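Here is how the chains run, residue by residue.
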Amino acid sequence: MWWSIFMLCILVPLALAGGSLAPWVPTVSSDLRRVQDVVSTKKTRRFLEFGCGDARVSHYIAKHNPDIKVTGIELALPMFVIAKIKSLIWPLPNLTIEFWSGFKKNFWDFDSIYLFAMPDSLKKKVLPKFEREAQKWTRLISYVFSMSDAPGTLKSYEERDKKTIHVLTR
Ligand SMILES: C[S@@+](CC[C@H](N)C(=O)[O-])C[C@H]1O[C@@H](n2cnc3c(N)ncnc32)[C@H](O)[C@@H]1O
């Protein structure tokens, strides 16, 4: 009985989300500052973290940029609950955490979209959506995995012994 509840509430949602974009593997905490530096290279008013996990990136960006409206969206219920509890304990007026698939969000509404997605999902699902919906100035910021085949301008921020952060604009 308890095992079935555990499967239904924890394992199944995590597995489904893992197959949709990526399983939960967080951005390394020591890279949060680098993500912030990349975001601040261009004026951003609306920031989306697609698959926010525990929302560490969303929190960091919202905390350091009170003028940016930050949305974190998460499909796996356990991760959403963690992110939501964090946002209730440490509320930030410019941060919203939403439960659902990021594929249901319109990219048009955002200047910067951050994600840590598996290469296959990035290529086959996220990039076509980005091409369809993003504004000319919208940036797709991908942690670790590159988007080298995608049309547009790609810039990669590399640092020794650190993960690369890739930024695509149309
Ligand atoms: C690799 S983790 C990255 C988490 C977070 N962005 C970070 O960098 O710390 C990917 C996250 O995306 C979530 N996810 C997978 N598919 C999703 C979808 N379609 N919509 C929203 N979130 C999704 C997973 O549950 C997981 O938490």
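Each chain has its residues counted from 1, following the order in which its sequence is written. Since the coordinates come from a predicted model, pLDDT governs what is reported: local features require at least 70, and pairs of side-chain atoms require 80 or more to be given and counted, while whole-chain, interface and lining totals use all residues. Processing note: side-chain calculations cover all non-hydrogen atoms of the structure and skip hydrogens and water entirely.

Re empty space enclosed by the protein
In plain terms, the rule: Points on a 1 Å grid over protein atoms alone make up a cavity when a 1.4 Å probe fits among them but cannot get out, and a pocket when they form an open set with protein on both sides within 12 Å along at least five of seven lines; lining residues each have an atom within 4 Å of a point. Grid points are joined across faces, edges and corners, and a volume is the space filled by probe spheres set on the points. What counts as a helix is a DSSP run of H or I of at least four residues, what counts as a strand is a run of E of at least two, and both are numbered from the N terminus.
Tallying each qualifying case throughout the model produces one cavity of 30 Å³ or more. The volume enclosed by the largest cavity comes to roughly 330 Å³. Around the largest cavity, the lining is made up of 29 residues, and of these Ala-22, Gly-51, Cys-52, Gly-53 and Glu-74 lie nearest the centre. Going through the elements one at a time, helix 1 (2–20), strand 1 (46–50), helix 3 (56–64), strand 2 (69–74) and strand 4 (112–115) are the ones with two or more residues in the lining of the largest cavity.

A look at the packing of helix 1 against helix 4 (residues 77–89)
Note the cut-off: The axes are straight lines fitted to the C-alpha atoms, using for helices just the contacting stretch, and the angles between their N-to-C directions are given from 0 to 180°. Just so you know how the angles are binned, under 35 degrees is roughly parallel, over 145 roughly antiparallel, 65 to 115 roughly perpendicular, and the rest oblique. Contact between two residues is taken to exist if any of their heavy atoms lie within 4.5 Å; hydrogens are not considered. Residue classes follow a fixed rule: Ala, Val, Leu, Ile, Met, Phe, Trp, Tyr, Cys and Pro count as nonpolar, while Asp, Glu, Lys and Arg count as charged, and any other residue, Gly among them, counts as polar.
Running from amino to carboxyl end, helix 1 crosses helix 4 at an angle of 105°, the nearest separation of the two axes being 7 Å. Comparing their axes, helix 4 and helix 1 come out roughly perpendicular. Here Cys-9, Ile-10, Pro-13 and Leu-14 of helix 1 lie close against helix 4, whose contacting residues are Leu-77, Pro-78 and Met-79. Its residues assigned to classes, the contact of helix 1 with helix 4 comprises seven nonpolar, no polar and no charged.

Side note on helix 2 (residues 32–39)
Three- or four-residue spacings in an α-helix give side chains the same orientation, since the helix completes a turn every 3.6 residues. How we decide: Relative accessible area decides the class of each residue, using a 1.4 Å probe on protein chains only: under 20% of the type maximum gives buried, over 50% gives exposed, and in between gives partly exposed.
Across the eight residues that make up helix 2, a large majority, six, are buried. For helix 2, the full list of buried residues reads Leu-32, Arg-34, Val-35, Gln-36, Val-38 and Val-39. Buried positions along helix 2 lie against strand 1, helix 3, strand 4, strand 5 (139–143), strand 6 (153–157) and strand 7 (165–169).

Focus on unusual backbone geometry
Residues other than glycine seldom take positive phi values, yet Ala-55 does so here, at roughly 70°. Phi is positive for Val-144, close to 75°, though the residue is something other than glycine. With respect to the element layout, Val-144 can be found in the loop between strand 5 and strand 6. Look at Val-144 and you get partly exposed, because its relative accessible area is 26%.

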